[in-house]
Amino acid sequence: MNPFNEKPIKPYEDFYNWKQLAPKPYNKFEVDPYTRVRVILANGAEYEATGFSHHFHRHCPNNDLRRELAVLRRKEQQQQKRISALKPIGEGILEHTIGYEQLAVDLTAIFAERESNKYVKQAMDFALLEDFDHLYRYADLLEMDKGVIAEKLVGKYTELMPGRPTISEHRYPMDDVKRYVNFKQAGALTKLDINILTAAEQQTMNYYMNQAAFYQNKLGRQLYTEIGMIEEQHVTLYGGLKDTNCTWLEELLMHEYTECYLYYSLWQDETDENVKKIWEEHFNDELCHLHKAAELLQTYENKTWQQVIPQGEFPELLQFHSNIEYVRSVLAGSVNLTAKREDYVEVSDLNDDAKFFEYQHQVNYKDNYVASHNVLYKYITDNRKDYRFEVAEHPIEELRDRKHDNTTVGR
């Protein structure tokens, strides 16, 4: 499938009416977990699209071009509203959060397994272990506060057990800034994966920092605040991999190509017929947007789409599947890594005066100040052991004790 060779079946100014903006939500009791994950992912892509478009608008002096962006942006906004409406009213904040973290774990694992750029893969594997731990912490909070067993929500596709402990993830800000990737030389999958992960993590960051104030108790509010700060680090990490030399219109083309690829993948992968129809409709929307972006690039920069995306043919499509063994292998090999400027090192190899330790001392002055630890401490105190879903013994010996929350691994 090469979307540049496909003729759009919708007109440029084809907008949805209010009825179309209120599709039937999925049934949270019957939905496949990966349908929930796909909905969250598509929502993040649309948040990214509209956010980028607004920033472009604010940096563009040409009102003719800004008017074109406004038309594209309005439709992206409508798509985002449709996707948000797929979430059922009865699905609580924490239940939805489990979907966010399952998405982060399985999406990152799928991308890391197929990634050919070793530096990009290293970044993915690094952040993967952190989102994996977030899923575990939220799962314990969910069972503690709501009596809901998270393994039912994840369909046993994804394990619920410690990763790199969240307390160990707080790093000095400069250490999350990485080398950017040259998109002119990078493969199509690398560019797509960076764009998609940046959008997904950005949406998660925004969700947590907004939901923190609405949680029912102090501990939950603190956990959303703490993990929201880690998601900010992840946005810096992934966003820093994007090519800083691209022009605004080149970026617009890449955004639209990414959305075409994503919706086409979701459409092919979806099992819920109602949701599948929406992915098909949105793919056709994005096909129109892609052709408009190519036209604008030609008009204002005298460039063809091939100069930005040499091979328009979609690479391997995204298909969600369980990644338990891959996550276990990454855990076994890199749980004690931390970031040091553009690279990654074992914590034990850092000098005593490293910024990591200074920042840790400031932010995590005492373990009992840290929500991610306190959630597990309270759960274990109340239930004698933590809540987990494991298919086998934890690959890290120090993280096998279910009666104690380890705060030293990776720290």
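Owing to the predicted nature of the structure, the values given are computational and were not obtained by experimental measurement.

(A) The pattern of salt bridges, seen in detail. In this structure the tally under the stated criterion is 32 salt bridges. The closest approach of N and O atoms between Arg 171 and Glu 130, which form a salt bridge, is 2.6 Å. Taken together, the positions of Arg 171 in the loop between α5 (150-153) and α6 (188-211) and Glu 130 in helix α4 (residues 118-146) put the pair 41 residues apart, joining distant regions of the chain. Of the two residues, Arg 171 and Glu 130, both sit in the buried class.

(B) Here's a closer look at helix α12 (residues 371-383). Look at α12: 18 Å from first C-alpha to last across 13 residues, which is about the 18 Å you get at 1.5 Å a residue. Restricting attention to buried positions, one finds in α12 the residues Ala 371, Ser 372, His 373, Asn 374, Val 375, Leu 376, Tyr 379 and Ile 380. If you follow the buried residues of α12, they end up packed against α4 and α7 (218-239). After α12 finishes, the residue Arg 384 shows a positive phi value of roughly 75°.

(C) How the structure looks around the environment of Asn 374. Summarising the element assignment, Asn 374 is placed in helix α12. Along the primary structure Asn 374 and Leu 249 are separated by 125 residues, whereas in three dimensions their C-alpha atoms are 47 Å apart. Those residues in contact with Asn 374 that sit more than four places away from it in its chain are Leu 219, Asp 367, Asn 368 and Tyr 369.

(D) Up close: the nonpolar core. Formed by 116 residues in total, the largest nonpolar core has its most connected members in Leu 41, Leu 107, Leu 253, Trp 279 and Phe 320. Per-element accounting of this core gives the leading share, 16 residues, to α4. If we skip the residues at most four places from it in the chain, Leu 107 touches Leu 41, Gln 102, Ile 196, Leu 197, Ala 200, Leu 318 and Phe 320.

(E) Summary view of empty space enclosed by the protein. Inspection of the entire model under this criterion finds 7 cavities of 30 Å³ or more. Estimated volume of the largest cavity: approximately 140 Å³. What lines the largest cavity is a set of 16 residues, among which Glu 48, Asn 195, Ala 199, His 255 and Thr 258 lie closest to the centre. Of all the secondary structure elements, the ones that give two or more residues to the lining of the largest cavity are α1 (33-58), α6 and α8 (248-269).

(F) Up close: the packing of aromatic side chains. One pass over the full model with this rule turns up 24 aromatic pairs. Judged by centre distance (4.6 Å) and plane angle (10°), the rings of Tyr 34 and Tyr 157 are stacked. Placement of Tyr 34 in helix α1 and of Tyr 157 in the loop between α5 and α6 is noted, with a sequence separation of 123 residues between them. Judged by relative accessible area, which is 5%, Tyr 34 ranks as buried.

(G) Expanded view of the pairing of strand β2 (residues 343-346). Of the strand pairs in this sheet, strand β1 (residues 337-340) and β2 are connected by 4 bridges, and their pairing is antiparallel. Across the sheet, Leu 337 pairs through a bridge with Glu 346, a residue of β2. Counting the residues between successive antiparallel strands, the hairpin from β1 to β2 contains 2 residues, one of them, Arg 341, with a positive phi of roughly 50°.

(H) Broad picture of the layout of surface pockets. What the largest pocket holds in volume is close to 490 Å³. Glu 48, Phe 52, His 55, Gln 202 and His 255 are the residues nearest the centre of the largest pocket, which is lined by 21 residues in total. For the lining of the largest pocket, the secondary structure elements donating two or more residues are α1, α6 and α8. By residue number, the principal contributor to the lining of the largest pocket is α1, which donates 7 residues. Residues that form the lining of the largest pocket fall into these classes: 4 nonpolar, 13 polar and 4 charged. The volume enclosed by the second largest pocket comes to roughly 260 Å³. Lining the second largest pocket are 14 residues, with Asn 43, Tyr 47, Tyr 100, Gln 203 and Tyr 207 sitting closest to its centre. For the lining of the second largest pocket, the elements supplying multiple residues, two or more each, are α1, α2 (63-85), α3 (93-114) and α6. With 5 residues, α6 is the largest single contributor of residues to the lining of the second largest pocket.

(I) Region of interest: the state of the cysteines. Within this structure, the stated rule accounts for 0 disulfides. Cys 288 supplies the cysteine sulfur nearest to Cys 260, a cysteine that is in no disulfide, at a spacing of 9.7 Å. Residue Cys 288 is classed as buried on the basis of its relative accessible area of 8%.

(J) Broad picture of the packing of α6 against α8. In the contact formed by α6 and α8, the axes pass within 10 Å of each other and the chain directions differ by 90°. Classified by the angle their axes make, α6 and α8 are roughly perpendicular. Across the interface between the two elements, Leu 189, Lys 191, Leu 192, Asn 195 and Ile 196 of α6 pack against Met 254, Tyr 257, Thr 258, Tyr 261 and Leu 262 of α8. Grouping the constituent residues of the contact of α6 with α8 by class yields 7 nonpolar, 2 polar and 1 charged.

(K) Inspection of the packing of α2 against α8 at higher detail. Axis separation between α2 and α8 bottoms out at 14 Å; the angle between their running directions is 25°. Taken as axis vectors, α2 and α8 run roughly parallel relative to one another. Viewed along their axes, α2 and α8 form a crossing whose handedness is left-handed. Touching Leu 65, Leu 69, Leu 72, Glu 76, Gln 79 and Ile 83 of α2 are Leu 249, Leu 252, Glu 256, Glu 259 and Tyr 263, all from α8. A class-by-class count of the residues in the contact of α2 with α8 yields 7 nonpolar, 1 polar and 3 charged.

(L) Spotlight on unusual backbone geometry. Here the phi dihedral of Asn 302 falls at roughly 55°; this positive angle occurs in a residue that is not glycine. By secondary structure assignment, the location of Asn 302 is in the loop between α9 (273-301) and α10 (324-334). Unusually for a residue other than glycine, Arg 384 sits at a positive phi of about 75°. Mapped onto the secondary structure, Arg 384 falls in the segment after α12. The exposed category is assigned to Arg 384, whose relative accessible area is 69%.

Thresholds applied
- Residues numbered from 1 in each chain as written.
- Predicted model: local features only at pLDDT ≥ 70, side-chain atom pairs only at ≥ 80, totals over all residues.
- Heavy atoms only, no water.
- Salt bridge = Lys/Arg side-chain N within 4 Å of Asp/Glu carboxyl O.
- Helix = DSSP H or I, 4+ residues; strand = E, 2+ residues; numbered from the N terminus.
- Buried < 20%, exposed > 50% of the residue type's maximum accessible area, 1.4 Å probe, protein only.
- Expected span 1.5 Å × (residues − 1).
- Contact = heavy atoms within 4.5 Å.
- Core = buried A, V, L, I, M, F, W, Y, C linked by side-chain atoms within 4.5 Å.
- 1 Å grid on protein atoms, 1.4 Å probe; cavity = no way out; pocket = protein on both sides within 12 Å on 5 of 7 lines; lining within 4 Å.
- Points joined across faces, edges and corners; volume = space filled by probe spheres on them.
- Phe/Tyr/Trp six-rings, centres within 6.5 Å; stacked < 30°, edge-to-face > 60°.
- Pairing = 2+ DSSP bridges.
- Nonpolar A, V, L, I, M, F, W, Y, C, P; charged D, E, K, R; others polar.
- Disulfide = S-S within 2.5 Å.
- Axes fitted to C-alpha atoms, helices over the stretch in contact; angles between N-to-C directions.
- Parallel < 35°, antiparallel > 145°, perpendicular 65-115°, else oblique.
- Left-handed = near helix turned anticlockwise from the far one by under 90°.

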